[in-house]
Amino acid sequence: MSGKIGPILVILIIAAAGLSLGFALNVPTTATFSLPAVPAHPAHYHNVTLYADANGWNYNVKGYTTNPTIVILPGTVVNFTVIEEDNQPHTLTIAYGPHESSFSDTLLSTSAITTTPGHVSHAQAYFNKTGEYTYWCIIHFTTMVGQLWVNNSLPTFSLPAAPSNMSATQNTTLFADSNGWNYSHGVANPSLYFEKGSLVNFTIVQEDGNPHSLFIALGSNESSFSEELMKSSDLGNKTGSTFTFLAYFNSTGEYTYWDSHNPNTTMGHIYVVTSRLSIGLVATSGGISYNGHFNNSILVKNNTALTIAVSDPTGSVYNVNMSEGYVPAAGSMTVIGKNNSSSSATLLLNSPQAYALFDGFNNSTHHLLFVYDKIVNYTMNETIHGWYNKTLNPTISVAAGDLVNFTILNGDNLSHTLEINPGNNESASSAYSVAGVVPGQNSSSGFYLFNQTGNYTYWDLYHPSTAVGIITSGNASSSSAAVQPSISSLSNIDNLSIPELASVKNDS
Amino acid sequence: MGFFFTFMVELSVVLSLIALLIFFVFYFLYHRKSEIEDAADAAGYESPKQYMRDTLGERPRVLSISAFLNDDAKSIGIRYIVASLFFFFIAGTFGLTMRLSLTVPTPSLLSAQEYNVLLTEHATLMIYMWAVGSAIGFAYYLLPSHLKLKHDSRGVYASSGFWFWFMGGLMILYSRTAARWYLYPPLALQLSASGGGIDNWLAVIGLEAVFFGLMITSINVILIIWKDRDPAIKWSQMSMFAWSILFTAIMIVASAPPLMVGLSMLFYDFFNPIFFTGATHEVLLFAILFWFWGHPIVYVAVIPYFGLIYEIIPKFTNKPIYSYGSGIFGLGLLLILSEFVWGHHLLNSGLGLAWVLFYTTASFAVVVPSAITVFNYVASLWSAEKIRLTTPMLFAINGIMDFVIGGVTGVMQSNQGINQLVHGTYFVTGHFHFIFMGITTGISFAAFYMLFPTLSGGRTYNVRLARLHFYFTAFGSLLMAMAWTVGGLIGMPRAVAGYLPVFQPYQDASILGGLIIGIGQLIFLYNIATSWLKEPSLSLENALEYKGDEAYNAGGVPVPNPIAAEELENNAGGA
């Protein structure tokens, strides 16, 4: 046996070397998958722009979805435009199937894309087989990977059907012009505000004799997930002809409408809001009055389109300014100015916030505008020993977005105020004086809006050492359950109608 | 997730195979342990380890299946020698195929990707599995005799070190990586046919496994030399080979961890590229982590063989080497300098003038220990009354000559001007093939021939065929490497699947050289096969291990045993 070890060893060595060589030479040398050649006259074209970033395709590019899903019809030639973003080497590689695979076709290599930020490279690919494809960068395959679906029909977006027996609640007229909707009729491509549940009767007027269509999609951009509400044949080419259709909006959010014949010039937005509200202001030499007063509280439910109209009977100079917080502040926004051609403006108020509304030329008075999720009442009795509601200096629970109507009762006939500031400690610089009583005054009330989660401190300017407590502001989802049930005076008046608002509500 | 799924399935299959292998080895170990305990009991020994040492320890060990099952040092040595021989022929076949594919300037026989796979596998397997593997094999095989080990108790660690190394080599082979042996990202991270290879991730795991094995082995070897040797052998009396292995092991322990960390980071980058191609990356970082190890590894691949030359020369000159002390000093200085010259692999990557000056100066300083070593060899030969040119001696002399050529072409590159000129050309390939063929490969064969009577159970090899093997190997590698050196000096780019027609003569010459080497190795295999079939005729004791190292004189200089000249010749296979 031992004599045979040598020959056996030699045979094994030769076999191992031969098999290893065969194995090594059997290495896959070319991709076994490739997309079909691009035909001269494909059925469809589709343009896709991708920004190559190691964190993901289109990562952090404004207006673009990260690793977008591309949906096309069979027989489409996709024109890829890849723009280098981050100095990193990237490839554009495509495989058939839902995942990255070594059976892939690299459309653009690292040398084609380069590592020069801003470098633009192009590639065409033809897809005639339905199914799910994956596109990715072979260097950053965990982050830069997206799907491409070749479907026999494109997924569509459509507005919901209106309830039967419902009649139009609103009329909107748009003039179809290649330069923009309503191009020569005031503001071009106007933003439209509809209340949730509106059935809008659109009237489109042919303005310039060119073909026009009207598409609508959810989101802030034109998208292939869209509904064609008006075809070019519906409107025709005859100047002055009209076409009317109904559109029902029952979910809030931002929509985009455009004319597919002029997508760059005819893009406008539709905001579907919970409610619409109009208020009328009067400009006077002493400031801006509302309902005859100069320091009103204006309560607006969150997700409301607020239309502000100003009348100026005396011809005074005014600016309607708004700033965040309880007092007029620098960096305020001019909503309506004396130089504006229009004396009204519409604001989309979609996050809880307190604003000061004032005259930019005379901010000695101001109104408070609260955008709230719900209104809560809370009453406390105040003495020199502290605040009292069931317990001394109670910890009050609210939810972020709550507008609390605080009422303070004067328990010892001295002077008291209710100061509230964010944080766990009293802070005179960031406090807002919600309410205050003086000797002889029994009660006072005021609003405070909790627009962020975390702790707030409430205290009394005159008795800061004894009268101080904490307000915890939780997530809105925790809602009123976070309110201590023992506090009986805390009631939810969300559904109460507020007379001063109802009186000013009208159509735009 | 399908990619991940496939990946995880592949990973779990590999891990299961490893686990199965470990269980298999454990089972044999356990089985063997009980057998040894029984045997030790029967022989009246208290301690099975003592029984092991007395029965296996320093005694000659014949190549047999049991070498793969027993965990004493010599069995593991045989394991390494045989495994590294396998990998030498595998990687050598790859090398020869690469040569043959370059018969015409345009890549036609092999595609560029196939060429890249062969190139990478040839380099990686030759360095880690052949050069390092056979050095470790001779260390485990020779040290018990050279140091008269008083116990041999870390066999399990030694064995696990071997299996890690061996499995790592198989993984590298299976991965068919095409990312070059230095695995630079981002190429190494591109798991595609046109990138680093579809399964390049496996090469990274495999290399990490090789490193685990090497670390275990190195620490074990250091402990063997430091703790386990016979107290009668003082540091100043250790064989030169033991010294060279000690330096090598220290070098591995000192230099491998940066790349082990780098490989882990590289592997993480497959999932989440944050280290080398991510947003806050530095591609050069991996190159630095690599070459911090990458330079010492090439010294790891030659220093043990320098030690073997010191052992071989006295056997055929019948006198001690010229200077034991300067020999140790030369190798020790080589160890120290090896840690300071890695930057010369990155001279053209923009290190800055200050670093370039530092690394070129340090690289030039390597001439000093190299010259000490070579002069020591030459002086040993010069002062000998009679030199017997046996096959191992021929390999040793040829190795010294090749080292001089490879060393001179190497030190030329420590001039930054010349370095820029020859960077990326066959000049570099020629430089290290002179050394790897002359020293690493040649001395391995020399040692193998000297051990052959023991390994084969007392048989002699055919001296004429062995001589033929030597001449083919020596002349073939001289022709191949010299053609590369000259071609490279006029600008022939290396590591590419094709070349410009102007370089045709140099490529043809190197192809001829490669073919000659290949034929030589076939002669070697034929010699082994036929010699093993002969009847045993010699004693099992070989010259490299047992003759001439007993009588270390008081001055610490080893002198050969005055044994009968005929026996020495026969056992060494000389003519």
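None of these values were measured; they are calculated from a predicted model.

Criteria and cut-off values
Position numbers for residues start from 1 in each chain and track the written sequence from start to end. Chain A is the first chain written and ligand 1 is the first ligand written, with later ones labelled in order. Local features are withheld for residues below a pLDDT of 70 in this predicted model, meaning they are given only at 70 or higher, and side-chain atom pairs are given and counted only at 80 or more; totals for whole chains, interfaces and linings count all residues. The side-chain figures draw on all heavy atoms in the structure; neither hydrogens nor water molecules are used. Numbering goes from the N terminus for both helices and strands, where a helix is a DSSP run of H or I of at least four residues and a strand is a run of E of at least two. Atoms counted for the radius of gyration: C-alpha only. Globule rule: 2.2 Å times the number of residues to the power 0.38. Only heavy atoms enter the contact rule, under which two residues are in contact if any of them lie within 4.5 Å. Shrake-Rupley sampling with a 1.4 Å probe provides the accessible areas, and residues are treated as covered by the protein chains on show and by no other component. What marks off one domain from the next here is an automatic or database domain assignment. Summed over both partners, the accessible area lost on bringing two parts together, with a 1.4 Å probe, is the buried area. Every case where a carboxyl oxygen of Asp or Glu lies within 4 Å of a side-chain nitrogen of Lys or Arg is listed as a salt bridge. What qualifies as a polar contact is a pair of N or O atoms within 3.5 Å, subject to a donor-acceptor requirement within protein and to the restriction that residues adjacent in sequence count only when both atoms come from side chains. Every helix has an expected span of 1.5 Å times one less than the residues it contains. Fitting axes to the seven residues that end at a residue and to the seven that start at it, the angle between those axes gives the bend at that residue. Relative accessibility thresholds used throughout: buried, under 20% of the residue-type maximum; exposed, over 50%; partly exposed, between the two (1.4 Å probe, protein chains only). Amino acid classes used here: Ala, Val, Leu, Ile, Met, Phe, Trp, Tyr, Cys and Pro are nonpolar; Asp, Glu, Lys and Arg are charged; the rest, including Gly, are polar. Residues enter patches when they are more than 30% accessible in relative terms and free of salt bridges; like-charged ones are connected within 9 Å and nonpolar ones (Val, Leu, Ile, Met, Phe, Trp, Tyr) within 5 Å. Note on pairing: DSSP must find at least two bridges between two strands before they are called paired. Here an angle of 0 to 180 degrees is reported between the N-to-C directions of two axes, which are lines fitted to C-alpha atoms, with helices fitted over the stretch in contact. Think of a 1 Å grid over just the protein atoms. A cavity is a set of points where a 1.4 Å probe fits yet cannot get out, a pocket is an open set with protein on both sides within 12 Å along at least five of seven lines, and lining residues have an atom within 4 Å of a point. Grid points are joined across faces, edges and corners, and a volume is the space filled by probe spheres set on the points. We call two directions roughly parallel when the angle between them is under 35 degrees, roughly antiparallel when it is over 145, roughly perpendicular when it lies between 65 and 115, and oblique otherwise. In summary, the pairing rule links any two rings of Phe, Tyr or Trp, Trp by its six-membered ring, whose centres are within 6.5 Å, and it sorts them by plane angle into stacked for under 30 degrees, edge-to-face for over 60 and tilted for everything else. Only when the NZ atom of a Lys or the CZ atom of an Arg is both within 6 Å of the ring centre and within 35 degrees of the ring normal do we say a charge sits over the ring. The predictor rates its confidence in each residue with pLDDT, a number between 0 and 100.

A. Broad picture of the overall build of chain B. Across its full length, chain B holds 19 helices and 0 strands. Expected size for 575 residues packed as a compact globule is a radius of gyration near 25 Å; at 24 Å, chain B falls within 12% of this value. Reported as C-alpha extents along the three principal axes, the dimensions of chain B are approximately 65 × 55 × 45 Å. If you take every contact in chain B between residues at least 6 apart in sequence, the share linking residues at least 24 apart comes to 82%. Of the roughly 21300 Å² of accessible surface on chain B, 71% is carried by carbon and sulfur atoms.

B. Geometry of the domain arrangement of chain A. Residues and elements named next belong to chain A. Split by domain assignment, chain A resolves into domain 1 (44-150), domain 2 (170-273), domain 3 (275-372) and domain 4 (374-492). Tallying the contact residues gives 10 residues for domain 3 and 9 residues for domain 4. Here domain 3 and domain 4 share an interface that buries about 890 Å² over both sides, 75% of which is from carbon and sulfur atoms. In this assembly, domain 3 and domain 4 are joined by 0 salt bridges. Between the two partners, domain 3 and domain 4, sit 2 residue pairs in polar contact (both at pLDDT 80 or more).

C. Highlighting helix H15 (residues 426-455) of chain B. All names here are of chain B. Counted at 1.5 Å a residue, the expected span for H15 with its 30 residues is 44 Å, but the 38 Å between its end C-alpha atoms falls short. Along H15, the sharpest change in direction is near 35° and occurs at Tyr449; proline Pro453 comes one to four residues later. With respect to burial, H15 is a largely interior element, 29 of its 30 residues being buried. Downstream of H15 by a residue or two, Gly457 has a phi angle that is positive, lying close to 80°.

D. View of the interface of chain B and chain A. Contact residues are listed per partner, giving 42 residues for chain B and 33 residues for chain A. Of the roughly 3500 Å² buried between chain B and chain A on both sides combined, carbon and sulfur atoms contribute 75%. The interface formed by chain B and chain A contains 0 salt bridges. Between the two partners, chain B and chain A, sit 1 residue pair in polar contact (both at pLDDT 80 or more). Contributions of two or more residues to the side of chain B that touches chain A are made by helix H1 (2-42), helix H3 (73-101), helix H4 (112-147), helix H5 (155-175), helix H7 (240-271) and helix H17 (504-533) of chain B. Of the residues forming the side of chain B that touches chain A, the biggest block, 8 residues, is contributed by H3 of chain B. For the side of chain B that touches chain A, the per-class residue count stands at 27 nonpolar, 12 polar and 3 charged.

E. Representation of a nonpolar patch on the surface. A cluster of nonpolar side chains, Phe5, Val9, Val13, Leu17 and Leu20 of chain B, forms an exposed patch at the surface whose accessible area comes to about 500 Å². Along the chain, Phe5 of chain B turns up in helix H1.

F. Representation of the domain arrangement of chain B within the structure. All names here are of chain B. The domain architecture assigned to chain B consists of domain 1 (65-300) and domain 2 (302-325 + 381-575). Using only C-alpha atoms to locate each centre, domain 1 and domain 2 end up separated by 21 Å. Between domain 1 and domain 2, the residue contacts involve 43 residues of the former and 49 residues of the latter. Here domain 1 and domain 2 share an interface that buries about 3900 Å² over both sides, 69% of which is from carbon and sulfur atoms. It is Arg99, Pro105 and Met240 that lose the most area in domain 1 upon contact with domain 2, and together they represent 18% of the buried surface on that side. Our enumeration of links across domain 1 and domain 2 arrives at 22 residue pairs in polar contact (both at pLDDT 80 or more). Looking at the side of domain 1 that touches domain 2, the elements with two or more residues in it are H3, H4, H7 and helix H8 (283-300). Looking at the side of domain 1 that touches domain 2 element by element, the count peaks at 13 residues for H4. Looking at the side of domain 1 that touches domain 2 residue by residue, the classes come out as 30 nonpolar, 10 polar and 3 charged.

G. View of the sheet that holds strand S29 (residues 396-399) of chain A. All names here are of chain A. Across the sheet, which stays open at both edges, the 5 strands sit in the order S29-S35-S34-S31-S32 with mixed pairing between neighbours. The open sheet is flanked by S29 and strand S32 (432-437), the only strands paired with a single partner. Averaged over all pairs of adjacent strands, the angle between strand axes in this sheet comes to 25°, irrespective of strand direction. Bridge count between S29 and strand S35 (residues 468-474): 4 bridges; the pairing is parallel. The residue bridging Ile396 from the neighbouring strand is Ile471, located in S35.

H. Up close: empty space enclosed by the protein. Residue and element names in this part refer to chain B. Enumeration over the complete set of coordinates arrives at 9 cavities of 30 Å³ or more. Considered as a void within the structure, the largest cavity measures approximately 90 Å³ in volume. Lining the largest cavity are 13 residues, and of these Ile136, Ile245, Thr248, Ala249 and Ile252 lie nearest its centre. Elements with a contribution of two residues or more to the lining of the largest cavity: H4, helix H6 (200-228) and H7.

I. Up close: the environment of Phe68 of chain B. Take Phe68 of chain B: it is sitting in the loop between helix H2 (48-55) and H3. Sequence separation of Phe68 of chain B and Arg79 of chain B is 11 residues, and the distance between their C-alpha atoms is 6.0 Å.

J. Spotlight on the sheet that holds strand S18 (residues 287-289) of chain A. Residue and element names in this part refer to chain A. Taken together, the 4 strands give an open sheet; going across it, the order is S18-S17-S20-S23, and neighbouring strands pair in mixed fashion. Each end of this open sheet is capped by a strand with a single partner; those strands are S18 and strand S23 (344-349). Within this sheet the neighbouring strands show an average axis-to-axis angle of 30°, counted without direction. Bridge count for strand S17 (residues 275-284) against strand S20 (residues 304-311) is 8 bridges, and the pairing is parallel. Note that in S20 the partner of Val282 across the bridge is Ser311.

K. Molecular detail of the pairing of strand S26 (residues 374-383) of chain A. Residue and element names in this part refer to chain A. Relative to strand S30 (residues 402-410), S26 is paired through 9 bridges, and the arrangement is parallel. Within the sheet, the bridge partner assigned to Ile375 lies in S30 and is Leu403. What sits between S26 and strand S27 (residues 386-389) in their antiparallel hairpin is a turn of 2 residues.

L. Seen up close, the pattern of salt bridges. Scanning the entire structure with this criterion turns up 4 salt bridges over all chains. Lys374 of chain A is the salt-bridge partner of Asp402 of chain A, the closest N and O atoms lying 2.7 Å from each other. You can see Asp402 of chain A sitting in strand S30 and its partner Lys374 of chain A sitting in strand S26, a full 28 residues away along the chain. Residue Asp402 of chain A shares its accessibility class with Lys374 of chain A, and that shared class is buried. We note a salt bridge from Asp72 of chain B to Arg61 of chain B, for which the minimum N-O separation is 2.3 Å.

M. Here's a closer look at the side chain of Ser134 of chain B. Residue and element names in this part refer to chain B. Its location among the elements puts Ser134 in helix H4. Judged by relative accessible area, which is 2%, Ser134 ranks as buried. At 3.0 Å, the side chain of Ser134 forms a polar contact with the side chain of Ser444. If we skip the residues at most four places from it in the chain, Ser134 touches Ser84, Met129, Tyr305 and Ser444.

N. Looking closely at the packing of helix H1 (residues 5-25) of chain A against H17 of chain B. Interhelical geometry of H1 of chain A versus H17 of chain B gives an angle of 155° and a closest axis separation of 7 Å. Regarding the angle of H1 of chain A to H17 of chain B, the classification is roughly antiparallel. The residues of H17 of chain B that touch H1 of chain A, namely those facing Ile5, Gly6, Pro7, Val10, Ile13 and Ile14 of chain A, are Leu525, Ile528, Ala529, Trp532 and Leu533 of chain B. For the contact of H1 of chain A with H17 of chain B, the per-class residue count stands at 10 nonpolar, 1 polar and no charged.

O. The packing of aromatic side chains, seen in detail. One pass over the full model with this rule turns up 76 aromatic pairs over all chains. The interplanar angle of 45° and the centroid separation of 6.2 Å between the aromatic rings of Trp130 of chain B and Phe445 of chain B together place this pair among those described as tilted. Remark: Phe445 of chain B occurs in helix H15 and Trp130 of chain B occurs in helix H4; sequence separation between them is 315 residues. The residues Trp130 of chain B and Phe445 of chain B share a single accessibility class, namely buried. The ring centre of Tyr96 of chain A lies 3.9 Å from the NZ or CZ of Lys129 of chain A, which sits over that ring. When the ring centre of Tyr141 of chain B is taken as origin, the NZ or CZ atom of Lys74 of chain B, which lies over that ring, is 4.5 Å away.

P. Representation of the confidence of the model for chain B in the model. Taken as a whole, chain B shows an average pLDDT of 87; of its residues, 92% reach a score of 70 or greater. Across residues 548-575 of chain B, where pLDDT falls below 50, the model places 65 contacts with residues more than four positions away in sequence or in other chains.

Q. Looking closely at unusual backbone geometry. Going from Pro185 of chain B to Pro186 of chain B, the amide bond is cis rather than trans, its omega being 5°. The residue Pro186 of chain B is located in the loop between H5 and H6 in this model. A positive phi angle, near 60°, is found at Asn182 of chain A, a position not held by glycine. Looking at the secondary structure, you find Asn182 of chain A in the loop between strand S9 (170-176) and strand S10 (192-195). Positive phi is not limited to glycine here, since Asn413 of chain A has a value of about 60°. On the secondary structure map, Asn413 of chain A appears in the loop between S30 and strand S31 (416-422).

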